[in-house]
Amino acid sequence: MVFLFRDKSIVNIIFLVLLGLLVHLHGFTVPIKVVANHQDGWFAFLLNNYAKTTIQSAGFFLYMVVVLLQSIRLNFLLAEQKMFPNSGYTVAMSYMLLTGLLPEWAAISPALMANFLLIWIYIKLTRLYNHPAPKTLLFNIGLLVSLTILCYHPTAILIVVVLFALGIMRPFKLQEWFTLLMGIALPFYFFASWLYLTDDLSTIGQFLPKMAWGLPVKGLLNTQIAGLSALVLALLAGFFSWQQFNSRLVIQMRKNWSALLLMCLILTAAPFIFDEAGLHASILCLVPFAAFVSASFSHPKRLLFPNFLFFLLIGVIMYNNWYLVKF
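The rules behind each value
- Residues numbered from 1 in each chain as written.
- Predicted model: local features only at pLDDT ≥ 70, side-chain atom pairs only at ≥ 80, totals over all residues.
- Heavy atoms only, no water.
- Helix = DSSP H or I, 4+ residues; strand = E, 2+ residues; numbered from the N terminus.
- Buried < 20%, exposed > 50% of the residue type's maximum accessible area, 1.4 Å probe, protein only.
- Contact = heavy atoms within 4.5 Å.
- Phe/Tyr/Trp six-rings, centres within 6.5 Å; stacked < 30°, edge-to-face > 60°.
- Expected span 1.5 Å × (residues − 1).
- Core = buried A, V, L, I, M, F, W, Y, C linked by side-chain atoms within 4.5 Å.
- Axes fitted to C-alpha atoms, helices over the stretch in contact; angles between N-to-C directions.
- Left-handed = near helix turned anticlockwise from the far one by under 90°.
- Nonpolar A, V, L, I, M, F, W, Y, C, P; charged D, E, K, R; others polar.
- Parallel < 35°, antiparallel > 145°, perpendicular 65-115°, else oblique.
- Patch = residues over 30% accessible without salt bridge, like charges linked within 9 Å, V, L, I, M, F, W, Y side chains within 5 Å.
- Areas by Shrake-Rupley, 256 points an atom, 1.4 Å probe, with all protein chains shown as cover.
- Salt bridge = Lys/Arg side-chain N within 4 Å of Asp/Glu carboxyl O.
- Disulfide = S-S within 2.5 Å.

A. Just the overall build of the protein chain, in detail. Looking only at helices and strands, one finds 12 helices and 0 strands in the protein chain. Along the protein chain, from the amino end to the carboxyl end, the secondary structure elements read α-α-α-α-α-α-α-α-α-α-α-α. With the principal axes as the frame, the protein chain shows a C-alpha extent of 60 × 50 × 35 Å. Residues counted as buried form 53% of the 327 residues belonging to the protein chain. A fraction of 80% describes how many contacts in the protein chain between residues 6 or more apart in sequence connect residues 24 or more apart.

Have a look at this one:
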């Protein structure tokens, strides 16, 4: 099955849609829910107050559209950056497969919507290397990070990501770091000023991230254990395949991969730092995870192990939605 997604053809988008319908087949029998805490940011506010009733009637369709757009956008980005020796749709395939591993990821949540902005931030980070006007780009990255945090508070961890990514992409220049920090701080400054002018500054805590260390779940279910185990296996296989071709890439591509690896390590901590967001916050990791997992599908010349991994992930997805077998 993997060979269907190794070619760079528009027909592969049809296969991707069919794969998405297979992975989320449970959406035809169990409605896709909207999961949003009121204190998680603007995305949660919009979903709860304006879109929840509409989404409930067409939740499966909207969820599939969102996941397809994100997977295809990420696939096009990595293909444009020549991050892999061969171009194809394995990144989009990996993203689609990973969305079905955990039941918490099969929901319309602020974290899922934040992945649009996360992909946008990564696009801008890849342009830092040898950019003719880095200060303007860094300021825009800072603004985009602030907007993402206001939309979904657990993405506050992105501040650490962009600071380390700047150190990876460019040599140290104090002015560039100050420009990035100023871009991050400016929207919060104007927002606080507006609250002050409207005599509502006391409510500013509602619009700021609240860190709460802990475990996102008190006890793992069998479906969660199976999904996490399959995810770890796919990541290990992806890291092994990635190391085999990463040293042959040009310096800029290796720096882009380093930024993705940094996102893997830091975003994984989000559910533990913002434990009230639960495992739903962990869907932020899908952007870097899909890139590394796809290396295990696109790089090996022989398709034995990629096909084995593909059907293993499909089997875990079926187990997590085992009630479908009854129909």
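B. The packing of aromatic side chains, seen in detail. Inspection of the entire model under this criterion finds 14 aromatic pairs. Look at tryptophan 42 and phenylalanine 191: their rings are 6.0 Å apart centre to centre, the planes differ by 70°, and that puts the pair in the edge-to-face class. Linking tryptophan 42 in helix 2 (residues 42-80) with phenylalanine 191 in helix 7 (residues 174-197), this pair joins segments that are 149 residues apart in sequence. Using a relative accessible area of 15% as the deciding quantity, one classes phenylalanine 191 as buried. Note on phenylalanine 310 and phenylalanine 311: the rings are 5.3 Å apart at their centroids and 90° apart in plane angle, and the pair reads as edge-to-face. For phenylalanine 310, a relative accessible area of 3% corresponds to the buried category.

C. Geometry of unusual backbone geometry. Backbone geometry places lysine 82, a non-glycine residue, at a positive phi of 55°. Mapping lysine 82 onto the fold places it in the loop between helix 2 and helix 3 (90-98).

D. Spotlight on helix 5 (residues 134-151). Helix length check: helix 5 (18 residues) gives 25 Å between terminal C-alpha atoms against 26 Å at 1.5 Å per residue, within 8%. Among the residues of helix 5, Pro134, Leu137, Leu138, Ile141, Gly142, Leu144, Val145, Ser146, Thr148, Ile149, Leu150 and Cys151 are the ones counted as buried.

E. View of the nonpolar core. Counting 105 residues, the largest nonpolar core has Leu19, Leu74, Leu78, Leu97, Trp257, Leu260 and Phe297 as the members making the most contacts within it. When neighbours within four sequence positions are excluded, leucine 78 is seen to be in contact with Met83, Phe84, Val91, Tyr122, Leu260 and Ala291.

F. Up close: the packing of helix 4 (residues 110-126) against helix 9 (residues 251-267). Remark: helix 4 packs on helix 9, axes separated minimally by 10 Å, with the N-to-C direction vectors making an angle of 145°. By crossing handedness, the relation of helix 4 to helix 9 is classed as right-handed. Two secondary-structure elements touch here, helix 4 through Leu118, Tyr122 and Thr126 and helix 9 through Gln252, Asn256, Ala259, Leu260, Met263 and Leu267. Its residues placed into classes, the contact of helix 4 with helix 9 shows 6 nonpolar, 3 polar and no charged.

G. Molecular detail of the packing of helix 8 (residues 222-246) against helix 11 (residues 286-298). Where helix 8 contacts helix 11, the two axes come as close as 6 Å, and the packing angle between them is 70°. Here helix 8 is positioned roughly perpendicular relative to helix 11, judged by the angle of their axes. Contacts from Leu231, Ala234, Leu235, Ala237, Gly238, Phe239, Ser241, Trp242 and Phe245 of helix 8 reach helix 11 at Phe289, Phe292, Val293, Ala295 and Ser296. The residue inventory of the contact of helix 8 with helix 11, partitioned by class, reads 11 nonpolar, 3 polar and no charged.

H. Quick look at the side chain of glutamine 70. Considering the arrangement of structural elements, one finds glutamine 70 in helix 2. A residue is classified by how much of its surface remains accessible, and glutamine 70, at 0% relative accessible area, is buried. Apart from the residues lying within four places of it in its own chain, the contact partners of glutamine 70 are Tyr95, Leu112, Asn115, Phe116 and Ile119.

I. Inspection of a nonpolar patch on the surface at higher detail. Taken together, the side chains of Phe61, Leu62, Val65, Leu69 and Phe116 define a hydrophobic patch exposed on the protein surface, amounting to about 430 Å² of accessible area. Along the chain, leucine 62 falls in helix 2.

J. Main features of the state of the cysteines. Applying the stated criterion across every chain, the model contains 0 disulfides. We note that cysteine 264 lacks a disulfide partner, and the nearest cysteine sulfur, in cysteine 285, lies 7.5 Å from it. Residue cysteine 264 is classed as buried on the basis of its relative accessible area of 3%. The exposure class assigned to cysteine 285 is buried, which follows from its relative accessible area of 3%.

K. Representation of the environment of valine 145. Secondary-structure assignment places valine 145 in helix 5. Its relative accessible area of 0% is what places valine 145 among the buried residues. Taking the C-alpha atoms as reference, valine 145 lies 9.9 Å from proline 187; in sequence the two are 42 residues apart. Setting aside its immediate chain neighbours within four residues, valine 145 contacts Ile121, Leu158, Ile159 and Val162.

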